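Chain by chain, the residues run as shown.
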Amino acid sequence: MTDTVLDRFLRYVVIDTQSDPSSGSQPSTEKQKDLGRVLVAELLALGLSDAHLDEHGNVYATIPSNTDKDVPVICFCSHMDTAPDFTGTNVKPQLVRNYQGGDIPLTGDTSQVIRVTAHPQLNNQIGNDIVTTDGTTLLGADDKAGVAEIMTAAAHLMATPDIKHGTIKILFTTDEEIGRGADKVDLEKLGARFAYTLDGSTVGEIENETFSADGVVIEITGVAMHPGYAKGKMENAIKAASDIVARLPRDIAPESTEGRQGFIHPVDISGSMESAKLQLIVRDFTEAGLKEKEDLLEKITRDVMATYPGSTHTLTVKHQYRNMKEVLDRHPEIMDNLEEAVRRVGLEPVRHSIRGGTDGSRLSFMGLPCPNIYTGGHAYHSPLEWVSVQDMEKSVETIVALVKVWEERAA
């Protein structure tokens, strides 16, 4: 078994771990445990004697402290599943060595091209090695790059006892891509005080803020009638649901927002003349912004349904996750130490807001404050996904530097 971050990454991405939002179990797909079992075997081989896979597919392991200082226990976390947005079956990673610029055509589907105009980060990769897919699947750098980086850092720390550090916990989760990554994590068993997810993108960017997020389900019961005799009687539930979507403001949609702007986004519509269901997600960086959008959605729904007087509806809001900055701001040392580690590996730290969420969003509010660190991956959830080997190596260096910082600054 070879032990470079690239070797590990190439081993992991060919294991299909796609999660399934339609499944009610955890993990949502048993195949996620296939990677979990590989990781446990590798961790045990490295000397992490407590490494194990729990019934929900989560992997836990401990690197023991080798210092007399009272260092807070920190955890490094990544998720093993890949997104359901695009197939993750039969991944064929391609390695472009010594990239010299220009577009990267993909061999399995020649219509797929990673273009520099759409991926300007490629301009920073001249001379580096780039991993892509063949264009027929996603790559899985989200988040197997993070998994490979944590594993490589763990191997380095176990092999280099001269590096002083406190107790380090390792956590690999399932089902992050479908919003359940933290659902079955046993924080008492984990025993960490703070954590860092390795689930970011561009090196140097560290993320201490996410969207706050809710899901909304609108269910409509219409008035069914034979269409030949429906005048003045039929109320078509499909049309009612469509009218709600049509009234959503275009300037608060994902395709028209950026930066710190939130949105309302319909993700599924289904039904018949008699009944229909509309599913949406609502995102904003503030609670006030989230509520404002949900109030608007309720008003639009009421106004539309008033034009269907014989029909009924329900609107249900489901809490998903909240902006982790609220928690992280109470523990400034978490980001201060991370920024110091980023500088030590030769990068300038850039605090960044995620237009999405991570396991850290949930874990922070469960009592485990948890910002996000870069992995070097780009164009996630698509066949154009790519990652730089040198950037993955930089992430490994950052993990090692970070554990040193925590030890040096401890009493």
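Please read all numbers here as calculations on a predicted model, not as lab measurements. (Residues numbered from 1 in each chain as written. Predicted model: local features only at pLDDT ≥ 70, side-chain atom pairs only at ≥ 80, totals over all residues. Heavy atoms only, no water.)

1. Side note on the overall build of the protein chain
What counts, and what does not: Note on conventions: DSSP H or I runs of at least 4 residues are helices, E runs of at least 2 residues are strands, and numbering of each starts at the N terminus. Each residue is assigned to one of three classes by its accessible area relative to the maximum for its type, calculated with a 1.4 Å probe on protein chains only: buried under 20%, partly exposed between the two thresholds, exposed over 50%. Any two residues whose heavy atoms approach within 4.5 Å at even a single point are treated as in contact. What sets the accessible areas is the Shrake-Rupley method with a 1.4 Å probe; for residues, cover comes only from the shown protein chains.
Across its full length, the protein chain carries 10 helices and 18 strands. Taking all 411 residues of the protein chain together, 54% fall into the buried category. Pairs at least 24 residues apart make up 80% of the contacts formed inside the protein chain by residues separated by at least 6 positions. Of the accessible surface of the protein chain, which amounts to about 17300 Å², a share of 50% is contributed by carbon and sulfur atoms.

2. Brief notes about the sheet that holds strand β4 (residues 94–96)
Applicable threshold: Two strands qualify as a pair provided that DSSP identifies no fewer than 2 bridges between them.
Strand order in the open sheet formed by four strands is β4-β7-β18-β17, with antiparallel pairing between adjacent strands. At either margin of the open sheet sits one strand with a lone partner, and together these are β4 and β17 (377–378). Relative to strand β18 (residues 386–388), β17 runs antiparallel, the two sharing two bridges. Each residue of the ladder has a partner; that of Gly377, found in β18, is Val387.

3. Overview of the nonpolar core
Cut-off, in case you're wondering: Residue types Ala, Val, Leu, Ile, Met, Phe, Trp, Tyr and Cys, when buried and joined through side-chain atoms within 4.5 Å, form a set referred to as a nonpolar core.
Grouped together as the largest cluster of nonpolar side chains are 63 residues, with contacts concentrated most on Phe9, Leu43, Phe76, Ile170 and Phe172. With 10 residues, the top contributor of residues to this core is helix α10 (residues 389–408). In this structure Phe172 touches Leu39, Leu43, Gly57, Asn58, Val59, Ser78, Met80, Val147, Ile150 and Met151, once residues within four positions along its chain are discounted. Counting 20 residues, the second largest nonpolar core, distinct from the first, contains Ile220, Ala237, Ala276 and Ile300.

4. As for the packing of helix α2 (residues 32–46) against helix α3 (residues 141–159)
In plain terms, the rule: Lines fitted to the C-alpha atoms define the axes, with helices restricted to the stretch that makes contact. Angles between their N-to-C directions range from 0 to 180 degrees. Any angle between 65 and 115 degrees counts as roughly perpendicular, while under 35 counts as roughly parallel, over 145 as roughly antiparallel, and the rest as oblique. Crossing handedness follows the turn of the near helix against the far one: under a right angle anticlockwise gives a left-handed crossing, and clockwise gives a right-handed one.
Their axes nearest at 10 Å, the elements α2 and α3 cross at an angle of 15 degrees. Taken together, the axis directions place α2 and α3 in an arrangement best described as roughly parallel. You can see that α2 and α3 cross each other, and the crossing is right-handed. Judged by residue contacts, Leu35, Leu39, Glu42, Leu43 and Leu46 of α2 engage Lys144, Val147, Met151, Ala155 and Met158 from α3.

5. Here's the deal with the sheet that holds strand β14 (residues 312–321)
With antiparallel pairing, four strands are arranged side by side in an open sheet as β12-β13-β11-β14. Strand pairing shows two members of the sheet lacking a second neighbour, β12 (263–271) and β14, which therefore form its edges. Along the sheet, successive strands turn relative to each other by an average axial angle of 15 degrees, direction set aside. Pairing geometry for strand β11 (residues 212–221) and strand β13 (residues 275–284), over 10 bridges, is antiparallel. Along β13, the bridge assignment pairs Val216 with Leu280. Contacts between helix α5 (residues 237–246) and the sheet are confined to β11, β12 and β13, with β13 contributing the most and set at about 15 degrees to the helix.

6. Details of the pattern of salt bridges
The line we're drawing: By convention in these notes, a salt bridge is any Lys or Arg side-chain nitrogen within 4 Å of a carboxyl oxygen on Asp or Glu.
Inspection of every chain in the model, using the stated rule, returns 21 salt bridges. Here Asp214 makes a salt bridge to Arg322, at a shortest N to O gap of 3.0 Å. Residue Asp214 is located in strand β11, and its partner Arg322 is located in the loop between β14 and α7 (325–328); the two are separated by 108 residues in the primary sequence. You can call Arg322 buried: its relative accessible area is 12%. Measuring nitrogen to oxygen at the nearest pair gives 2.8 Å for the salt bridge that ties Lys325 to Asp329. Judged by its relative accessible area of 28%, Lys325 falls in the partly exposed class. Taking the relative accessible area as the measure of exposure, Asp329 reaches 46% and is therefore partly exposed. When salt bridges that share partners are traced, they join Glu340, Arg344, Glu408 and Arg409 into one network.

7. Topic: the environment of Arg351
We apply this condition: For the purposes of these results, a polar contact is taken to be a pair of N or O atoms within 3.5 Å, where, inside protein, one atom must be able to donate a hydrogen and its partner to accept one; residues adjacent in sequence count only when each atom of the pair is a side-chain atom.
Summarising the element assignment, Arg351 is placed in strand β15 (residues 350–354). With 189 residues separating them in the primary sequence, Arg351 and Asp162 have C-alpha atoms 31 Å apart. Filtering out sequence-adjacent residues up to four positions away, Arg351 remains in contact with Ile206, Asn208, Met335, Asp336 and Glu339. A polar side-chain atom of Arg351 sits 2.7 Å from a polar atom in the side chain of Glu339.

8. Quick word on α3
Applied cut-off: Working rule for helices: expected span equals 1.5 Å times residues minus one.
Relative to the 27 Å expected for 19 residues at 1.5 Å per residue, α3 spans 26 Å between its end C-alpha atoms, a close match to the ideal helical length. The element α3 is largely enclosed, with a buried count of 16 among its 19 residues.

9. Concerning the pairing of strand β3 (residues 74–79)
Two faces belong to every sheet, and in a regular strand the side chains alternate between them. The buried count for β3 comes to six of six residues, which makes it a mostly enclosed element. Pairing between β3 and strand β8 (residues 168–173): six bridges, direction parallel. In the sheet register, Ser78 faces β8, and the bridge partner there is Phe172. Note: β3 against strand β9 (residues 194–198), four bridges, orientation parallel. Across the sheet, residue Cys75 finds its bridge partner in β9, namely Ala195.

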